Amino acid sequence: MRTTLKYPSTIASLAAALSIMSCAPDSPPTAPVPVETRSAQQKLQDLQNKYGWVGQYHTDGLAYVYTQLAKGKGKPRTKADLCRTIAKATKDFHKAARHTDIPAGLIDPSMMDGTCPADDATRNVRSSVTSLPMSQARVRSELSGAATDYIDQIAVLAGSATSRQALLNGVNSIESQAASLPTEEAGAVVAVGSVAVSSAYYWEANLNSWLDLSGVPLPTYSVSAHDLTASTVASVASSTTGRRFSIPWWRNPFVMGFQRVLVSDALAAARVLYAAWEAGPIVLDAAAAAALWASSLAAITSIFF
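Model, not experiment: these values are computed from the prediction. (Residues numbered from 1 in each chain as written. Predicted model: local features only at pLDDT ≥ 70, side-chain atom pairs only at ≥ 80, totals over all residues. Heavy atoms only, no water.)

Concerning the state of the cysteines
Across all of its chains, the model carries one disulfide by this definition. Note on cysteine connectivity: cysteine 83 is disulfide-linked to cysteine 116, with sulfurs 2.1 Å apart. A torsion of 105° about the S-S bond marks the disulfide between cysteine 83 and cysteine 116 as right-handed. One end of the pair, cysteine 83, is in helix α4 (residues 79–98); the other, cysteine 116, is in the loop between α5 (109–113) and α6 (119–126), and 33 residues separate them in sequence. (Disulfide = S-S within 2.5 Å. Helix = DSSP H or I, 4+ residues; strand = E, 2+ residues; numbered from the N terminus.)

Let's talk about helix α7 (residues 145–160)
With 16 residues, α7 extends 22 Å between its outermost C-alpha atoms, agreeing within 8% with the 22 Å of an ideal straight helix rising 1.5 Å per residue. All buried positions along α7 are accounted for by Ala147, Thr148, Tyr150, Ile151, Asp152, Ile154, Ala155, Leu157, Ala158 and Gly159. Here the buried face of α7 lies against α8 (164–178), α9 (183–210) and α12 (260–276). (Expected span 1.5 Å × (residues − 1). Buried < 20%, exposed > 50% of the residue type's maximum accessible area, 1.4 Å probe, protein only. Contact = heavy atoms within 4.5 Å.)

Points about the packing of helix α3 (residues 53–69) against helix α13 (residues 282–304)
The geometry of α3 relative to α13 is characterised by a closest axis approach of 9 Å and an angle of 45° between their N-to-C directions. When the axes of α3 and α13 are compared, the pair comes out oblique. α3 and α13 meet at a crossing whose hand is right-handed. Contact residues: α3 offers Trp53, Val54, Tyr57, His58, Gly61, Leu62, Val65 and Leu69, while α13 offers Leu284, Asp285, Ala288, Ala289, Ala291, Leu292, Ser295, Ser296 and Ile300. Class assignment of the residues belonging to the contact of α3 with α13 gives a composition of 12 nonpolar, four polar and one charged. (Axes fitted to C-alpha atoms, helices over the stretch in contact; angles between N-to-C directions. Parallel < 35°, antiparallel > 145°, perpendicular 65-115°, else oblique. Left-handed = near helix turned anticlockwise from the far one by under 90°. Nonpolar A, V, L, I, M, F, W, Y, C, P; charged D, E, K, R; others polar.)

Overview of the packing of aromatic side chains
Applying the stated criterion to the full structure yields six aromatic pairs. In textbook terms, an aromatic cluster arises when at least three aromatic residues are bridged by ring pairs, as seen for Trp53, Tyr57, Tyr64 and Phe93. When the ring centre of tryptophan 53 is taken as reference, the NZ or CZ atom of arginine 98 above it lies at 3.7 Å. (Phe/Tyr/Trp six-rings, centres within 6.5 Å; stacked < 30°, edge-to-face > 60°. Lys NZ or Arg CZ within 6 Å of the ring centre and 35° of its normal.)

Some details on the nonpolar core
Core analysis: the biggest nonpolar cluster contains 80 residues, and Leu69, Leu143, Ile151, Val189, Trp203, Trp210 and Leu273 have the highest contact counts within it. Considering each element in turn, this core owes the most residues, 16 residues, to α13. (Core = buried A, V, L, I, M, F, W, Y, C linked by side-chain atoms within 4.5 Å.)

What about the pattern of salt bridges?
For the coordinates displayed, the defined rule picks out five salt bridges. The shortest N-O distance in the salt bridge between aspartate 81 and arginine 84 comes to 2.6 Å. Residue aspartate 81 and its partner arginine 84 are both found in helix α4; the two are separated by three residues, about one turn of the helix. Since its relative accessible area comes to 26%, aspartate 81 is described here as partly exposed. With a relative accessible area of 45%, arginine 84 lands in the partly exposed category. With a closest N to O distance of 2.7 Å, aspartate 92 and lysine 88 form a salt bridge. Note that aspartate 92 and lysine 88 are positioned in helix α4 at a spacing of four residues, about one turn of the helix. The partly exposed category is assigned to aspartate 92, whose relative accessible area is 32%. (Salt bridge = Lys/Arg side-chain N within 4 Å of Asp/Glu carboxyl O.)

Regarding the environment of leucine 267
When you line up the elements, leucine 267 lands in helix α12. In this structure the C-alpha to C-alpha distance between leucine 267 and alanine 287, which are 20 residues apart in sequence, comes to 9.7 Å.

Here it is as structure tokens:
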């Protein structure tokens with residue numbers, strides 16, 4: 001005797017429901033990211049990948065300059081001695097890092113001669129960061145007004161930020177806006193931004209070691225300008241713990257004055273870009289070397305003179 005299937009409509013409904021459930025996504029659907037947003041984010045990432053090397057160069061270059069200065073083991077030296085050491089270290093580092101000589105025609109002649117800059121250059125480093133005579137350097141520049149304005153904003157931010165996070169957020173915002181520019185011009189903005197970020201990370205971690213140039217090796221520390229990971233922040237915090245500055249770095253009175261070093265780095269790179277943009281890709285090499293030279297000089301000037 002054949003068994004008659006009962007409740008056929010119920011079973012059919014259940015099968016249909018199971019079929020629908022098997023096709024449903026495991027989690028609630030999320031709103032798609034607009035194509036324009038994805039495109040802008042990708043362009044910014046591409047720019048940072050291509051031009052962010054300037055910030056890494058700056059970090060590694062400062063570490064190398066320190067090793068050369070520290071060979072004096074704290075012995076008294078004149079400013080001329082320190083300038084000569086920094087100039088040679090900058091040229092040697094550039095040769096090793098970029099496999100070419102610094103483009104002499106695009107760089108402050110004092111660095112190529114191994115001499116200290118004129119007194120007015122030193123005063124510029126110590127001057128108020130709220131008045132930056134950038135426009136004077138734009139006479140020969142082919143950079144657009146929008147690009148130079150973004151770079152100006154980074155230089156001002158370097159001197160006005162009251163915390164590392166404020167600087168990072170500000171630079172990222174400026175770079176994001178600049179990403180709408182033609183690639184080369186946006187790259188110039190990202191390059192200057194990477195110098196400012198690198199300088200903030202480096203000096204926050206290592207300023208104590210420069211105060212006496214005792215010859216004690218620095219802790220291993222090198223970070224890409226855009227490698228803003230939790231481990232990076234932990235590295236910075238651990239390298240400053242228990243050392244000479246007990247006041248939080250960005251609120252220390254000495255550091256607040258020393259923050260002008262960050263400005264000098266950004267300005268040095270910017271001025272080379274403004275004055276020699278027409279030279280082509282080589283101008284980035286010159287800007288990187290100029291920022292390293294300016295950073296080291298500003299440091300010894302602020303600390304020792």
